[in-house]
Amino acid sequence: MKEITIHRLEKKFGDVHALKAADLKIPAGSFTTLLGPSGCGKTTLLRLIAGLETPDAGEILMDDEFIFSGNKRISRPIHSRNFGMVFQDFALWPHLTVFENVAFGLRASKQKKDLRIRVQQALRSVKLEGLELRFPHQLSGGQQQRVAFARAVVTRPQLVLFDEPLSALDAVLRDEMRLELTSLVRNMGITALYVTHDQTEAMSMSDEVVVMQGGTILQTGSPEEIYQKPNHPFVAHFIGKSNWIVPDKQMLRPEHLRWSQEDASSLPFTGTIRHVSYMGDRYEVILDMENRTTWTAYHDQRLPVGETIQVYASEHQIHHLN
Amino acid sequence: MNINSLRSFKWVSGGLALFILTVLVLLPLLLIFWTSIYPNEQLDIAAPLRTIMSSHDLVEVLLNSIGLGVSVILLTTLFALPLAWIMAKTDLGHHNWLDVVLLIPFMTPPYIGSMGWMLFMQTGGYMEQFLPASSVLTPYFFSYGGMVLIMSLHLFPFLYLLLRNALLQIGGNLEEAASVHGAPFFYRFKRVIIPLLLSSYGLGALLIFVKTIAEFGTPATFGRRIGFYVLTSEIHKYISSWPIDFGKATSLASLLLGVCLVMWYIQTLISSRFSYRLIGGKGTRTKRYKSTGIVGVLSWGYVVLLLLASIGIPYFSIITTSLLKLRGEGVSWSNLTLKHYAELLSPGSQGLEALINSFTLAIVASSIAVILGTWFALTVGKGATFKQKITDLFSLLPNTVPGIVIVVGLILLWNARWMPIPLYNTYWMVVLTYVVLFIPYTVQYVKASYGQIDSSLMQAGQVFGGSKLYVFRRILLPLILPGMVAGWMMTFTISNRELVASLLILPPSMQTSATYIFAQFEQGAVAMGMAMAVISVGVTTILLLVLEYLSPDRKRRQR
């Protein structure tokens, strides 16, 4: 398994600067997620790495071997990069059986040895044994997803790319497949690059999250770092709920607010209760604060709307953005 | 209105629609079969086959038709496949106007296209005037090969559209998935593109075959000139010129009908079993080759050449002929004149009368067709019950069956000795024929509009207090109106150009623009005929192009 390094990679579509000089390291065996709203450049970056689009400038390295370099005029063709990919709409070939869909990559690269065994193995790992002779349209959405996964990993690729693979599934199935996909990737020890706009997916699945906006990588870090120490107001806004003490400079996460002063060093804040929503395990309280921002806090009882109230937080919970 | 009376209204309306369709469409077709197997007042199932097999000429005619169909499939493939690839895979595909222009050959009535080609290629024609040495080509052109060429140039846009759409859909993620998983170009082509394209191609090829053997215009003009006879031209001969032989005509018509129905059945089999739902996800972006360098030159060259052959040459010949003072003088500025148009359009002239006849017939026929077609389409609805499916099938039958076959059936029915309604040989018989021939267009367009309307829209109308009639008027009607307008325009256009029905059905001494063009071309006043062709085709082609440009389908494609 090899490490992927991206250096000053750039791409324009006409006048749109889809990706601006991006730097990124994908360590071997890690699960890295590109997270951001639509149009942030995450899919473009994925497609550039896959080879489905050609970068305008920059470099892509596998360990210290170039697979793309603008300066050196190297661009390894898509089909010889040895990657796997799970597409958003699965992109299973409708005229091939499940078996042939999975076997495609092996046949295309002439790895005929043990072909049957390897395909069976891949299908067993996604619990689809016995369905080899079905056609894609005879499978449920979740099963199609598994075939797409088996197809992407059967060739033991250097890197598996996931392009919002869960977005085509309904909510219940999505939660189920999220857990399953994570454990499959972990068990196989695959290097994975995953694209999503869903922060739950990003936070729960990844070793490393890369937050992107407007063609730029804003922050790279573990899910905990991204949540607790966002380095950019957009990251703080986009992931989780944020309460701003000084807009775009100092923030607090809702779970760190207290309803009483626990020690003398806690800071008090005053606000008016605008709305209370019952979430089952707690009440979510929306507060209009004196500094004209809106905060979120959690409580175990229903509070009366319209009441002015004090909330407290200790100094070290406040995150200062630089 | 209580529930029972509402239900019975629906039932009566549905029953009546089915009855009318049976009389208008099904009965004439059954009568063809009946006449062909009931010669000499006694039942003889094998009679049509025997009639054909016993005559050496008729067997040859049958083989001619089939051979022509196969040849045209081959040549249209040769034209359409590279074009589809160019428009799907290079950035020429961004030129949306090309798609509209590429429809012109298909929209040009085949008899007029053939006339254009004949004027260009014949001895003393325009090609010879520009390039005298090219006269050696003339005998090669006036041959079976020339006929295949003319028909292919007319039909290729149809196959092109099918192939291009299939390529566009495959070109998204399915092809990308193949390349990511290690397939080089030729492997991708062999294992993914070709198999997925094949079902679309199969469908297209079958339809090309049916359209070729059903076509009348080219065989009636070019085919007659070179002495190449096919089913349609022979049916026409046995019904319109002495000695009239209904036995032979109906035998050939039964055969043609049978072949077309079988083809149509195979086509539905293919589309239900072997075609795949190819729907790109929202992220589908087709990568296109830049049309610069050699790719650009080859692509543009191919497109321009094809447009030149399919539009340039026939239209140039027709327009030039309509403008020349003296044909013998050749093409020069001093030899140009508008006098043919003036003569054609002068009050009281034969030409103006024919033109007015065509327009009024088309207006009356398309208005009736829209009302009937909308009614049928709404009766069919989403085609849930057996009765609705049958209604659907009958109302689309005239599109499946060759026009000349329907016309023969209508003659048999309305000219029958026992027919109490004296419609035959009147103005209204022509209207009826046009309505029957072209009703499928309205039915299809309205059905498509109706299919997109969620029933909750109507339910919402009722919940908010609208009566049935009010909901129909304020909600349903506005939503299906685009379909109705499209149906009207389509019917108007093709009624205006219809040749075979007009030739066979028009009462004596009445002419339409199509029969006028045909007669003038045959009798030598070619310039007048071509002036008429320019006016008639010009008006209706512009109408069709506007329709194509406005159609919601197209806007969605552009997104």
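Residues numbered from 1 in each chain as written. Chains lettered and ligands numbered in written order. Predicted model: local features only at pLDDT ≥ 70, side-chain atom pairs only at ≥ 80, totals over all residues. Heavy atoms only, no water.

Asks: An account of the overall build of chain B is requested, with residue identities and associated values reported.
Replies: The helix and strand inventory of chain B stands at 26 helices and zero strands. Rg of the C-alpha trace for chain B: 25 Å, near the compact-globule value of 24 Å for 559 residues, within the 12% margin. Principal-axis analysis of the C-alpha atoms places the extent of chain B at approximately 80 × 70 × 50 Å. Counting across all 559 residues of chain B, residues that qualify as buried make up 54%. Long-range pairs, those at least 24 residues apart, make up 78% of the contacts in chain B between residues at least 6 apart in sequence. With the model as given, the accessible surface of chain B reaches about 25700 Å², and the carbon-plus-sulfur share is 68%. Put simply, chain B has 37 plus and 21 minus side-chain charges, and the middle of one group is 15 Å from the middle of the other. (Helix = DSSP H or I, 4+ residues; strand = E, 2+ residues; numbered from the N terminus. Rg over C-alpha atoms; globule rule 2.2 N^0.38 Å. Buried < 20%, exposed > 50% of the residue type's maximum accessible area, 1.4 Å probe, protein only. Contact = heavy atoms within 4.5 Å. Areas by Shrake-Rupley, 256 points an atom, 1.4 Å probe, with all protein chains shown as cover. Lys, Arg positive; Asp, Glu negative; His and termini not counted. Charge placed at Lys NZ, Arg CZ, Asp CG, Glu CD.)

Asks: If you had to explain the interface of chain B and chain A to someone new, which residues and values would you point to?
Replies: Interface size is commonly expressed as the accessible surface area that is lost when the partners come together. With 25 residues of chain B at the contact, the number on the chain A side is 28 residues. Carbon and sulfur atoms supply 60% of the area buried between chain B and chain A, which totals about 2500 Å² over both sides. Taken together, the connections running from chain B to chain A amount to two salt bridges. As a salt-bridge pair, Glu 100 of chain A and Arg 191 of chain B come within 3.5 Å of each other at their nearest N and O atoms. Here chain B is connected to chain A by seven residue pairs in polar contact (both at pLDDT 80 or more). It is helix α10 (residues 173–180) of chain B that contributes the most residues to the side of chain B that touches chain A, seven residues altogether. Classifying every residue of the side of chain B that touches chain A gives 13 nonpolar, seven polar and five charged. (Buried area = accessible area lost by both parts, 1.4 Å probe. Salt bridge = Lys/Arg side-chain N within 4 Å of Asp/Glu carboxyl O. Polar contact = N/O pair within 3.5 Å; in protein donor to acceptor, adjacent residues only side chain to side chain. Nonpolar A, V, L, I, M, F, W, Y, C, P; charged D, E, K, R; others polar.)

Asks: Please give an account of the packing of helix α19 (residues 403–414) of chain B against helix α20 (residues 427–451) of chain B that cites residues and values.
Replies: Residue and element names in this part refer to chain B. Remark: α19 packs on α20, axes separated minimally by 10 Å, with the N-to-C direction vectors making an angle of 135 degrees. One element, α19, and the other, α20, form an angle in the oblique class. The two elements α19 and α20 cross, and the hand of that crossing is right-handed. In this structure, α19 contributes Gly 403, Ile 406, Val 407, Leu 410 and Trp 414 to the contact, and α20 contributes Met 429, Leu 432, Thr 433, Val 436 and Leu 437. (Axes fitted to C-alpha atoms, helices over the stretch in contact; angles between N-to-C directions. Parallel < 35°, antiparallel > 145°, perpendicular 65-115°, else oblique. Left-handed = near helix turned anticlockwise from the far one by under 90°.)

Asks: Hey, could you go over the sheet that holds strand β15 (residues 283–289) of chain A for me, with residue numbers and the actual values?
Replies: To summarise the sheet geometry, strands pair through backbone hydrogen bonds and adopt either a parallel or an antiparallel arrangement. All names here are of chain A. Spatially, β16-β15-β14-β17 is the arrangement adopted by the four strands of the open sheet, whose pairing is antiparallel. Lying at the two open borders of the sheet, with one neighbouring strand each, are β16 (294–299) and β17 (308–313). Averaged over all pairs of adjacent strands, the angle between their axes in this sheet comes to 50 degrees, without regard to strand direction. Both strand β14 (residues 267–278) and β17 contribute to a ladder of six bridges, which runs antiparallel. Residue Thr 272 lies in a different strand from β17, and its bridge partner there is Thr 308. (Pairing = 2+ DSSP bridges.)

Asks: Residue-level account of the side chain of Ser 251 of chain B, with values.
Replies: All names here are of chain B. Checked against the element boundaries, Ser 251 lands in helix α14 (residues 246–273). Its relative accessible area of 2% is what places Ser 251 among the buried residues. With residues up to four places along the chain from it excluded, the contact list for Ser 251 reads Ser 36, Pro 48, Thr 51 and Ile 52.

Asks: So what's going on with the nonpolar core? Residues and values would help.
Replies: One finds Leu 45, Ile 49, Phe 83, Phe 104 and Leu 161 of chain A together with Ile 404 and Val 405 of chain B to be the most contacted residues of the largest nonpolar core, which totals 209 residues. With residues near it in sequence (within four places) discarded, Leu 161 of chain A still touches Leu 46, Ile 49, Ala 50, Phe 83, Gly 84, Met 85, Val 86 and Leu 193 of chain A. Grouped together as the second largest cluster of nonpolar side chains are 36 residues, Phe 149, Val 153, Val 160 and Leu 181 of chain A included. (Core = buried A, V, L, I, M, F, W, Y, C linked by side-chain atoms within 4.5 Å.)

Asks: Hey, could you go over the sheet that holds strand β12 (residues 243–246) of chain A for me, with residue numbers and the actual values?
Replies: Residue and element names in this part refer to chain A. Pairing in this open sheet of three strands is antiparallel, and the strands run β12-β13-β18 from one edge to the other. A single partner strand is all that each edge strand has here, and the edge strands are β12 and β18 (319–320). Bridge count between strand β13 (residues 250–252) and β18: two bridges; the pairing is antiparallel. When the bridges of β18 are listed, Met 251 appears paired with His 319.

Asks: Outline the side chain of Gln 122 of chain B, listing residues and values.
Replies: Residue and element names in this part refer to chain B. Structurally, Gln 122 can be placed in the loop between α6 (110–121) and α7 (126–130). A polar contact of 3.5 Å, which involves the side chain of Gln 122, links it to the side chain of Arg 225. Beyond its immediate sequence surroundings of up to four residues, Gln 122 is in contact with Glu 128, Thr 138, Phe 142, Arg 225 and Arg 327.

Asks: Please provide a residue-by-residue account of the domain arrangement of chain B, values included.
Replies: Residues and elements named next belong to chain B. Segmentation of chain B into domains returns domain 1 (1–38 + 337–558) and domain 2 (48–275). Taken residue by residue, the interface counts 37 residues in domain 1 and 37 residues in domain 2. For the domain 1 and domain 2 pair, buried surface summed over both sides reaches about 3300 Å², with 82% attributable to carbon and sulfur atoms. By the criterion of area lost to domain 2, the three top residues of domain 1 are Thr 400, Ile 404 and Phe 521, representing 16% of everything that side buries. One can count one salt bridge joining domain 1 with domain 2. (Domains from an automatic or database assignment.)

Asks: Just give me the short version of the UniProt feature "domain: ABC transporter" (unreviewed entry) in chain A, but keep the residues and values in it.
Replies: Per the UniProt record, the feature "domain: ABC transporter" (unreviewed entry) sits at residues 1–239 of chain A. Summarising residues 1–239 of chain A: 34% helix, 27% strand, and an end-to-end C-alpha distance of 31 Å. (UniProt positions renumbered as here; feature names shortened; annotations may be inferred.)

Asks: Please set out the pairing of strand β1 (residues 4–13) of chain A residue by residue, giving values where relevant.
Replies: Residue and element names in this part refer to chain A. Direction of pairing for β1 relative to strand β2 (residues 16–26): antiparallel, over a ladder of seven bridges. Looking at β2, one finds that Lys 12 is bridged to His 17. Turn length for the β1-β2 hairpin, with the two strands adjacent in sequence and antiparallel, is two residues, and the turn residue Gly 14 shows positive phi of about 60 degrees. Pairing geometry for β1 and strand β4 (residues 57–62), over five bridges, is antiparallel. Of the residues in β4, the one forming a bridge with Ile 6 is Ile 60.

Asks: So, α14 of chain B: which residues are in play, and what are the values?
Replies: The end-to-end C-alpha distance of α14 of chain B, which contains 28 residues, comes to 40 Å, matching closely the 40 Å that a straight helix rising 1.5 Å per residue would cover. N-capping of α14 of chain B is provided by Asp 245 of chain B, with a side-chain oxygen placed 3.1 Å from the backbone N of Gly 247 of chain B. (Expected span 1.5 Å × (residues − 1).)

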